[in-house]
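# Coordinates in review
Listed below are the residues making up each chain.
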Amino acid sequence: MARSEASGVSAARLRSVDLALGYRHTRVVDSVSLELQDGAFTVIVGPNACGKSTLLRGLARLLAPQGGSVLLDGKEISRIPTKAVARRVGLLPQSAQAPPGLSVADLVSRGRFPHRGLLRRDSAADRAAVTRAMERAGVADLAEHQVLELSGGQRQRVWLAMVLAQETDILLLDEPTTFLDIAHQVELLRLLEQLNAAGATILAVLHDLNQAARHADHLVAMREGKIVASGHPAEIVTAELIKDVFGLDCVVVSDPVTARPWVVPR
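So, here's what we can say about the structure. The structure presented is a predicted model; accordingly, all values stated were derived computationally and were not measured. (Residues numbered from 1 in each chain as written. Predicted model: local features only at pLDDT ≥ 70, side-chain atom pairs only at ≥ 80, totals over all residues. Heavy atoms only, no water.)

Taken as a whole, this structure holds zero aromatic pairs when the rule is applied. Seen from the ring of Phe 113, Lys 83 lies directly overhead, with NZ or CZ sitting 4.8 Å from the centre. (Phe/Tyr/Trp six-rings, centres within 6.5 Å; stacked < 30°, edge-to-face > 60°. Lys NZ or Arg CZ within 6 Å of the ring centre and 35° of its normal.)

Printed below as a string of structure tokens:
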């Protein structure tokens, strides 16, 4: 990890510079410069259709910039080979779909694609990584089940297991708590904290502002395709910001468990 000796803050390995993204003639993300600090757990929040998911797609090289650039270790990500990017950056998208007849173990094993050689055969290391990922995501007992037979929450954890099997040091997660009940949401967010503590750099999009404020050490607030505030939740989560970003009248109190900001609608 590249750390600044003076500040103790890790340098950004994945960042955007004046990034503009969109679909055909529609601009969705406009001139966004975002540095993902190495080893940080960053969460993006904002209203629907503000560009959160589009920004993740651009950072993962799934969407070509209309302007600006995305840099991985100082290099244009578009010029880095696909497998090389996939060994560094893992993405859990929204509403991923599995083909019919595919088992959980088979889907999770697809996360090993960037690490396989020309023969594409699973090695002992691949099999161990798949088993480890399924155990971490809590789906090891579903290994032989077909993905399409599972509930929405189970499928979400299976897709997370596939990303974990990829064994990247940067994780981009688009609404990872979708379809999960409250207990599994808490479990997943704790797992992300554990991965972060072990060295993973994480960027997640969350709809629940209180979950974001509780778990993130860096919060990014977006509105209409732009970043309007960023910093530690304790520094930026105010009633004024919530009104500005979400149009919600609220009071911000202290979480009785974590002392982090807690948003209470009026």
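Once the structure has been displayed, the description carries forward.
Here the focus is helix H4 (residues 124-137). Its 14 residues give H4 an end-to-end C-alpha distance of 20 Å, which sits within 8% of 20 Å, the value for a rise of 1.5 Å per residue. Where H4 is buried, its residues meet helix H3 (104-109), helix H5 (152-165) and helix H6 (182-197). (Helix = DSSP H or I, 4+ residues; strand = E, 2+ residues; numbered from the N terminus. Expected span 1.5 Å × (residues − 1). Contact = heavy atoms within 4.5 Å.)

On to the nonpolar core. One finds Val 104, Val 108 and Leu 219 to be the most contacted residues of the largest nonpolar core, which totals 52 residues. Top contributing element to this core by residue count: H5, with eight residues. Among residues more than four places away in sequence, those in contact with Val 108 are Val 130, Ala 133, Met 134, Val 158, Ala 161, Met 162 and Ala 165. Of all hydrophobic cores here, the second largest spans 27 residues; its members include Leu 63, Leu 72, Leu 203 and Met 222. (Core = buried A, V, L, I, M, F, W, Y, C linked by side-chain atoms within 4.5 Å. Buried < 20%, exposed > 50% of the residue type's maximum accessible area, 1.4 Å probe, protein only.)

This part is about empty space enclosed by the protein. By the definition in use, this model includes one cavity of 30 Å³ or more. In this structure, the largest cavity occupies an estimated 40 Å³ of space. Val 45, Leu 209, Leu 219, Ala 221, Ile 236, Val 237, Leu 241, Ile 242, Val 245 and Phe 246 together form the lining of the largest cavity. Of all the secondary-structure elements, those providing two or more residues to the lining of the largest cavity are strand S9 (218-223) and helix H9 (239-246). Class assignment for the residues of the lining of the largest cavity results in ten nonpolar, no polar and no charged. (1 Å grid on protein atoms, 1.4 Å probe; cavity = no way out; pocket = protein on both sides within 12 Å on 5 of 7 lines; lining within 4 Å. Points joined across faces, edges and corners; volume = space filled by probe spheres on them. Nonpolar A, V, L, I, M, F, W, Y, C, P; charged D, E, K, R; others polar.)

Before going further, it helps to spend a moment on the side chain of Arg 88. With respect to the helices, strands and loops of the structure, Arg 88 is situated in the loop between helix H2 (82-86) and strand S6 (89-92). According to the relative accessible area criterion, Arg 88 is buried, its value standing at 19%. Within the structure, the side chain of Arg 88 is placed 3.3 Å from the side chain of Asp 169, a separation counted as a polar contact. Leave out the neighbours within four places in its chain, and Arg 88 touches Arg 13, Leu 72, Asp 73, Thr 168, Asp 169 and Ile 170. (Polar contact = N/O pair within 3.5 Å; in protein donor to acceptor, adjacent residues only side chain to side chain.)

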